[in-house]
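Structural features, examined
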Amino acid sequence: MNKTILITGGAGFIGSHVVRNFVTKYPDYHIVNLDALTYAGNLENLRDIEEKPHYTFVKADITDALDMFRVFEQYKPDGVIHLAAESHVDRSIADPTAFVMTNVIGTVNLLNAARQIWKDDFIGKRFHHVSTDEVFGALGAEGLFTEETSYDPHSPYSASKASSDHFVRAYHDTYGLPIVLTNCSNNYGPNHFPEKLIPLCIHNILNSQPLPIYGDGKYTRDWLFVIDHATAIDLVFHEGKNGESYNVGGFNEWQNIDLVKELCKQVDEKLGRPAGTAEQLITFVKDRPGHDLRYAIDASKINKELGWYPSVTFEEGLSKTIDWFLNNKEWLESVTSGDYQKYYDKQYKD
Ligand code: NAD
Ligand code: DAU
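Residues numbered from 1 in each chain as written. Chains lettered and ligands numbered in written order. Predicted model: local features only at pLDDT ≥ 70, side-chain atom pairs only at ≥ 80, totals over all residues. Heavy atoms only, no water.

**Notes on the overall build of the protein chain**
For the protein chain, the helix and strand inventory stands at 12 helices and 12 strands. On C-alpha atoms alone, the protein chain measures out to a radius of gyration of 20 Å, which is about the 20 Å that the 2.2 N^0.38 rule sets for 350 residues. By principal-axis analysis of the C-alpha atoms, the protein chain measures approximately 60 × 45 × 40 Å. Looking at the protein chain as a whole, 56% of its 350 residues qualify as buried. Of the contacts made within the protein chain by residues no fewer than 6 positions apart, 83% connect residues no fewer than 24 positions apart. Accessible surface for the protein chain amounts to roughly 14,600 Å². Of this, 51% is attributable to carbon and sulfur atoms. Averaging the positions of the 33 positive and the 49 negative side-chain charges in the protein chain gives two centres separated by 2 Å. (Helix = DSSP H or I, 4+ residues; strand = E, 2+ residues; numbered from the N terminus. Rg over C-alpha atoms; globule rule 2.2 N^0.38 Å. Buried < 20%, exposed > 50% of the residue type's maximum accessible area, 1.4 Å probe, protein only. Contact = heavy atoms within 4.5 Å. Areas by Shrake-Rupley, 256 points an atom, 1.4 Å probe, with all protein chains shown as cover. Lys, Arg positive; Asp, Glu negative; His and termini not counted. Charge placed at Lys NZ, Arg CZ, Asp CG, Glu CD.)

Next up, the structure:
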């Protein structure tokens, strides 16, 4: 093994794709996946690779500073790819403190553990912080977020991610910690937890439940297939410039209402049902407080400097995603039983 890479949050949606990519592509690396297995973490996401000899899973909570020192001491990672987070905006509106704990304190705990174990000898070391475009705030009808856009977070989730980004840069500027950041737009794909718009709508179509659209449905997001995000993380981790950040996006903006109609169309086709069947479930509901109007990413830096570009069109990615959910109904049922129902009722029925 020539390197040990610690990936946090590797049992979650994006993390599981990052872990699979690294385990498959780098047999010489020891991949250590550290995850607390919250409601969003699921080892079912990694069944196909869990027996690989160069893969280790560690159940641990990044809010526990002492445990982070212990894990870093035990595995002595050369690189860290940090994805563990509370990731859902609506949950952050209901309970901001959990987001401060994991996203801010948890990130600082990892930075401290990395500093301690690397002892200011940073050759061959790297801390990659995975972040979001939501730190830049909201766009009007025009314009794109670049790496130079000022931070202007609005939700408790984006405020916590902005804070964590600042801490990562502060450890670089103050202690010389080698870091890179990626700020990515909305992901979609296999294993997406059905609290987020696309998997929630797929789940509800399959169960003939309303498709809840916040406000007028004209909010706009830039969607990226999760495997393309995993590829971008791989590239930036290995080839990104020390201290720099890279925006990652799909060049693919959709208003929520148009996206949900496209999803309905594809699901109807795949199920062999008359066009318009799923669309009848669309229901406009109370808006999200502080809802950001539009996110859109200028991904030209990662494109020009590292040659990254999304590998699939949105129609292809969405089709692959729907196929995955249709072929993995047990996964969907298992993650929507129990506590999910309580969350759903509180969010959509209270
Ligand atoms: P997710 O909610 O699906 O997964 C988060 C993972 O982190 C889970 O496995 C969970 O168990 C783990 N985790 C949570 N709290 C933890 C703690 N205290 N200690 C250890 N593990 C903990 O999230 P995701 O959508 O896969 O997002 C991953 C990262 O990417 C996050 O940092 C998020 O901010 C960022 N991001 C997400 C998107 C997106 O569209 N989902 C876009 C850009 C950036
Ligand atoms: O932009 C990157 C971010 O994308 C990530 O940092 C976050 O972790 C991720 O959750 C995602 O945030 P969003 O809030 O944009 O994703 P979500 O799927 O929750 O919502 C997408 C859009 O759909 C948003 O405008 C809100 C709207 N929406 C969402 C839900 C859950 C609805 O209209 N109805 C819904 O039920």
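**Some thoughts on the pattern of salt bridges**
One pass over the structure, following the stated rule, counts 17 salt bridges. For R288, the salt bridge goes to D90, with nearest N and O atoms at 2.7 Å. Of the two residues, R288 is situated in the loop between β12 (282-285) and α9 (300-306) and D90 in helix α3 (residues 89-94); the sequence distance between them amounts to 198 residues. For the pair R288 and D90, one class covers both residues: buried. Salt-bridge contacts for K196 lead to E195; the nearest nitrogen and oxygen are separated by 2.8 Å. (Salt bridge = Lys/Arg side-chain N within 4 Å of Asp/Glu carboxyl O.)

**Details of helix α4 (residues 96-118)**
Counted at 1.5 Å a residue, the expected span for α4 with its 23 residues is 33 Å, and the 32 Å between its end C-alpha atoms agrees. Along α4, the largest kink reaches about 30° and is centred on G106. (Expected span 1.5 Å × (residues − 1). Bend = angle between axes of the 7 residues up to and from the residue.)

**Brief notes about the packing of helix α1 (residues 13-25) against helix α7 (residues 226-239)**
Relative to each other, α1 and α7 sit at 60°, their axes nearing to 9 Å. Judged by the inter-axis angle, α1 sits oblique to α7. Viewed along their axes, α1 and α7 form a crossing whose handedness is right-handed. Together, F13, I14, H17, V18, N21, F22 and K25 of α1 and V226, I227, H229, A230, I233, D234, F237 and H238 of α7 make up the contact between the two elements. Grouping the constituent residues of the contact of α1 with α7 by class yields 9 nonpolar, 4 polar and 2 charged. (Axes fitted to C-alpha atoms, helices over the stretch in contact; angles between N-to-C directions. Parallel < 35°, antiparallel > 145°, perpendicular 65-115°, else oblique. Left-handed = near helix turned anticlockwise from the far one by under 90°. Nonpolar A, V, L, I, M, F, W, Y, C, P; charged D, E, K, R; others polar.)

**Quick word on the site of ligand 2**
Around ligand 2, 24 residues are found, and the nearest of them are T132, D133, Y157, R288 and Y348. The backbone of P212 places a nitrogen or oxygen atom 2.8 Å from a nitrogen atom of ligand 2. Interatomic distance of 2.6 Å between a side-chain N/O atom of R288 and an oxygen atom of ligand 2. Contact with the protein chains removes 95% of the 690 Å² of surface that ligand 2 exposes when unbound. Put simply, the parts of the chain that give the shell around ligand 2 at least two residues each are α3 and β8 (211-214). (Near = heavy atom within 4 Å. Polar contact = N/O pair within 3.5 Å; in protein donor to acceptor, adjacent residues only side chain to side chain.)

**Comments concerning the UniProt feature "domain: NAD(P)-binding" (unreviewed entry) in the protein chain**
Under the local residue numbering, the UniProt record ascribes the feature "domain: NAD(P)-binding" (unreviewed entry) to residues 6-321. With 41% helix and 18% strand, the stretch residues 6-321 has end C-alpha atoms that lie 28 Å from each other. (UniProt positions renumbered as here; feature names shortened; annotations may be inferred.)

**Re the layout of surface pockets**
Left-over empty space is what a probe sized like a water molecule reveals as it rolls over the atoms. Empty space within the second largest pocket amounts to approximately 740 Å³. Every residue lining the second largest pocket is counted, 27 residues in all, and those nearest its centre are D90, A94, Y343, K346 and Q347. Listing elements by their share of the lining of the second largest pocket, those giving two or more residues are α3, α4, α11 (329-335) and α12 (339-349). In terms of residues, the lining of the second largest pocket owes the most to one element, α12, which gives 7 residues. Grouping the amino acids of the lining of the second largest pocket by side-chain chemistry returns 13 nonpolar, 3 polar and 11 charged. (1 Å grid on protein atoms, 1.4 Å probe; cavity = no way out; pocket = protein on both sides within 12 Å on 5 of 7 lines; lining within 4 Å. Points joined across faces, edges and corners; volume = space filled by probe spheres on them.)

**Regarding the environment of Y188**
When you line up the elements, Y188 lands in strand β7 (residues 186-188). Between the C-alpha atom of Y188 and that of I227, which follows or precedes it by 39 residues, the distance is 9.0 Å.

**Observations regarding unusual backbone geometry**
At L37, a position not held by glycine, the phi torsion is positive, near 55°. Even without being a glycine, N191 presents a positive backbone phi close to 70°. Within the secondary structure, N191 is located in the loop between β7 and α6 (197-206).

**What to know about the sheet that holds β7**
Backbone-to-backbone hydrogen bonds pair the strands of a sheet. The strands run either parallel or antiparallel. Taken in spatial order, the 3 strands make up an open sheet running β7-β9-β11, and their pairing is mixed. With partners counted over all chains shown, the strands left at the sheet margins are β7 and β11 (253-255), one partner each. Across the sheet, the mean angle separating the axes of adjacent strands is 50° when strand polarity is ignored. (Pairing = 2+ DSSP bridges.)

**As for α1**
If you check α1, its first and last C-alpha atoms are 19 Å apart, about what 13 residues at 1.5 Å a residue would give, namely 18 Å. Listing the buried residues of α1 in full gives F13, I14, G15, S16, H17, V18, V19, F22 and V23. Buried residues along α1 sit in contact with β1 (3-8), β2 (29-35), β3 (55-59), β4 (79-82), β7 and α7.

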